[in-house]
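Structure at a glance
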Amino acid sequence: MARLLQQRLWWALASPNPDEALAALCRPAPYGSVLGDFMRDHVGLMRNRGYQYETQAHWLLRFDRFLQSHPELADEPLETMLSHWAAAKSTRNHAAECQKLGRILTKARHRLDPNIPPKRFNPRPEREVAREHRQPHIFSPADIRHMLEVARSYPSPHAPLRPWTLYTMILLAYCAGLRRSEIARLDLGDIDLQSGTITVRETKFYKTRILPQSDSVMTELRAYLDARRRAGAPQDKQSGLFWQGHFKGHHTPETVTTMITNVMRRAGFKPPSGRTGPRVHDLRHSMVVNRNLQWYRIGINPQDRLHFLSTYLGHRDINSTLVDITVTQDLLQEASERFRAVGAPCLNGQALS
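In this report, the structure presented in the accompanying data block is examined. (Residues numbered from 1 in each chain as written. Predicted model: local features only at pLDDT ≥ 70, side-chain atom pairs only at ≥ 80, totals over all residues. Heavy atoms only, no water.)

Some words on the side chain of serine 156
Short version of the rule: The secondary structure listing takes helices from DSSP runs of H or I that are at least 4 residues long and strands from runs of E that are at least 2 residues long, numbered from the N terminus. Partly exposed describes any residue whose relative accessible area lies between the buried limit of under 20% and the exposed limit of over 50%, with all areas from a 1.4 Å probe on protein chains only and scaled to the type maximum. Two residues form a contact once any of their heavy atoms are found within 4.5 Å.
Along the chain, serine 156 falls in the loop between helix H8 (141-152) and helix H9 (162-175). With a relative accessible area of 13%, serine 156 lands in the buried category. Ignoring anything within four residues of it in the chain, the contact list for serine 156 reads Arg162 and Pro163.

What follows is the structure in structure tokens.
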């Protein structure tokens, strides 16, 4: 045992980041606190119900590590543990996380013992964090065309496939409304040129969905696949769609973010550095808003199509889709025009005869 520990210490010291590696060796075991079994069982239950529950599990693990480092709280009631955890940091994000964590734990406790009433929490910390949350940037169709032009001409003398990769990533992020993780996980076999569809497998909420694409999108995908083949990429169906020669595998979601963000900077939508400006996920927001605008302009009531859009985007329910609909001035104007044409006559007593 001592020899194994010595080897792990040497590996940690020889790693690129010794401090982080040494800290990992000292990290307490997951769910090792007095509430560990209770929290582990709750995470397992929620995942068995179909939730990915990744973010919530991270909250619970952070709280678990805190409890392990404060054994004096082991005999205290849950409310006392949570108050000490809330006092551990003074940031607004931490306060909001503690509120959410408290709600999760008290509901889980109430489920096990209905005699324990669920506690009401102060919603103010969460509202303050939500108020600071950046509003999505909605790209116009002209913005998207400009970004695609910049991607196609992206300077990459040592990686000639990269401009095609950037172009196709942005195309799918906007036209198919794909999340960055969905873009990263696409396989070559997920593109069906015959049926004109893309299969997105086992993503958020463990959903798999088949997305029909327009002829123009499939034409661009066919061109990318031709360029990919000429670049010497593997042609087996399990190989990453966005392959490149250095790693010969899938890009990570973080790499997808970096690549598309570089195009946004080059196109003038983001400053040369920093986190301000549009994000990759704003392409998905833009797809939702522009689709609703298009429906308004051709005389379709968007409310009749929202459940289709929710399914297409892989949302859990229609409420998640409504969150993605940022009310822009154009969208507000189109909604007002529809009300003037359809709703106002009804209010004036001009109901359909």
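Having seen it, we continue.
Details of H9
Operational definition: Take the number of residues in a helix, subtract one, and multiply by 1.5 Å to get its expected span.
Taking 1.5 Å per residue as the helical rise, H9 with its 14 residues ought to reach 20 Å, and the 20 Å between its terminal C-alpha atoms agrees with that figure. Among the 14 residues that make up H9, eleven are buried, leaving the element largely enclosed by the rest of the structure. Tucked inside the fold, the buried residues of H9 contact H8, helix H10 (180-185), strand E2 (197-200), helix H11 (215-230), helix H12 (253-266) and helix H13 (281-297). Downstream of H9 by one or two residues, glycine 177 has phi in the positive range, about 65°.

A word on the packing of aromatic side chains
Quick note on the threshold: Stacked, tilted and edge-to-face are the three classes applied to pairs of Phe, Tyr and Trp rings, where Trp contributes its six-membered ring and a pair requires centres within 6.5 Å; stacked means planes under 30 degrees apart, edge-to-face means over 60, and tilted covers the rest.
Scanning the entire structure with this criterion turns up four aromatic pairs. Aromatic side chains phenylalanine 139 and phenylalanine 269 sit 5.2 Å apart centroid to centroid with 85° between the ring planes, which places their arrangement in the edge-to-face category. With a gap of 130 residues between them, phenylalanine 139 in the loop between helix H7 (124-132) and H8 and phenylalanine 269 in the loop between H12 and H13 connect regions that are remote in the sequence. No difference in accessibility class separates phenylalanine 139 from phenylalanine 269, as the two residues are buried. Relative to phenylalanine 242, the ring of tyrosine 224 has its centre 5.5 Å away and its plane inclined at 45°; by these criteria the two rings are tilted. Highlighted residues: tyrosine 224 in helix H11 and phenylalanine 242 in the loop between H11 and H12, separated in sequence by 18 residues. Under the relative-accessibility criterion, tyrosine 224 is labelled buried at 0%. The structure contains a cluster of three or more aromatic residues connected by ring pairs, namely Phe63, Phe66 and Trp85.

Some words on the pattern of salt bridges
The condition that has to hold: Should a side-chain nitrogen of Lys or Arg be within 4 Å of a carboxyl oxygen of Asp or Glu, the pair is scored as a salt bridge.
Applying the stated rule across the entire model yields eleven salt bridges. Of the charged contacts in the structure, one is a salt bridge between arginine 279 and aspartate 282, with a shortest N-O distance of 3.5 Å. Note on arginine 279: relative accessible area 23%, which makes it partly exposed. Linked by salt bridges that have partners in common, Arg179, Glu182 and Arg209 make up one network.

Structural notes on the packing of H9 against H12
As a reminder, the rule being used: To get an axis, fit a line to the C-alpha atoms, keeping to the stretch in contact for a helix; angles then go from 0 to 180 degrees between the N-to-C directions. Working rule for angles: under 35 degrees goes down as roughly parallel, over 145 as roughly antiparallel, 65 to 115 as roughly perpendicular, anything else as oblique. Polarity classes work like this: nonpolar for Ala, Val, Leu, Ile, Met, Phe, Trp, Tyr, Cys and Pro, charged for Asp, Glu, Lys and Arg, and polar for all others, with Gly in that last group.
At a minimum axis distance of 10 Å, the contact between H9 and H12 shows a crossing angle of 95°. By the criterion of interaxial angle, the relationship of H9 to H12 is roughly perpendicular. Touching Thr165, Leu166, Met169 and Ile170 of H9 are Val256, Met259, Ile260 and Val263, all from H12. Its residues assigned to classes, the contact of H9 with H12 comprises seven nonpolar, one polar and no charged.

Notes on the nonpolar core
Selection criterion: Here, nonpolar core means buried Ala, Val, Leu, Ile, Met, Phe, Trp, Tyr and Cys residues that are tied together by side-chain atoms lying within 4.5 Å of each other.
Counting 53 residues, the largest nonpolar core has Leu241 and Leu283 as the members making the most contacts within it. When residues of this core are traced back to their parent elements, those giving at least two are H8, H9, H10, E2, H11, H12, H13 and helix H14 (306-313). Ranked by residues supplied to this core, first place goes to H9 with eight residues. Setting aside its immediate chain neighbours within four residues, leucine 283 contacts Phe139, Ile144, Met147, Ile170, Ala173, Tyr174, Ile260 and Met264.

Considerations on the sheet that holds E2
Keep this limit in mind: Two strands qualify as a pair provided that DSSP identifies no fewer than 2 bridges between them.
Across the sheet, three strands lie side by side as E1-E2-E3; this open sheet has antiparallel pairing. Each of the sheet's edge strands pairs with one partner strand only, and the pair in question is strand E1 (191-192) and strand E3 (209-212). Two strands pair when backbone bridges link them, and E2 and E3 are joined in this way by four bridges, in the antiparallel orientation. Paired with threonine 199 across the bridge in E3 is isoleucine 210.

Some points on the environment of glutamine 235
As a reminder of what qualifies: Throughout this description, a polar contact denotes any pair of N or O atoms lying within 3.5 Å of each other; where both atoms belong to protein, one of them has to be capable of donating a hydrogen while the other can accept it, and for residues adjacent in sequence the pair is counted only when both atoms sit in side chains.
Along the polypeptide, glutamine 235 turns up in the loop between H11 and H12. With a relative accessible area of 43%, glutamine 235 lands in the partly exposed category. For the pair glutamine 235 and leucine 188, spaced 47 residues apart in the sequence, the C-alpha separation amounts to 7.4 Å. Not counting the four nearest positions on each side in its chain, glutamine 235 is found in contact with Leu188, Arg228 and Arg229. A distance of 3.0 Å separates a polar side-chain atom of glutamine 235 from the backbone oxygen of alanine 233.

Quick look at the pairing of E2
Across a regular strand the side chains alternate sides, sitting on one face of the sheet and then on the other. Side chains Thr197 and Thr199 project from E2 onto one buried face, and the interleaved Ile198 and Val200 project onto a second face that is buried too. Where E1 lies against E2, two bridges are found, and the strand directions are antiparallel. Of the residues in E2, the one forming a bridge with aspartate 192 is threonine 197. The loop that links E1 with its antiparallel partner E2 comprises four residues; one of these, glycine 196, has a positive phi angle of about 70°.

Observations regarding H13
With 17 residues, H13 extends 25 Å between its outermost C-alpha atoms, agreeing within 8% with the 24 Å of an ideal straight helix rising 1.5 Å per residue. Along H13, twelve of the 17 residues are buried, which leaves the element largely enclosed by surrounding structure. Those residues of H13 that fall on the buried side of the exposure criterion are Asp282, Leu283, Arg284, His285, Ser286, Met287, Val288, Val289, Asn290, Asn292, Leu293 and Trp295. Glycine 299 sits one or two positions beyond H13 and adopts a positive phi of about 85°.

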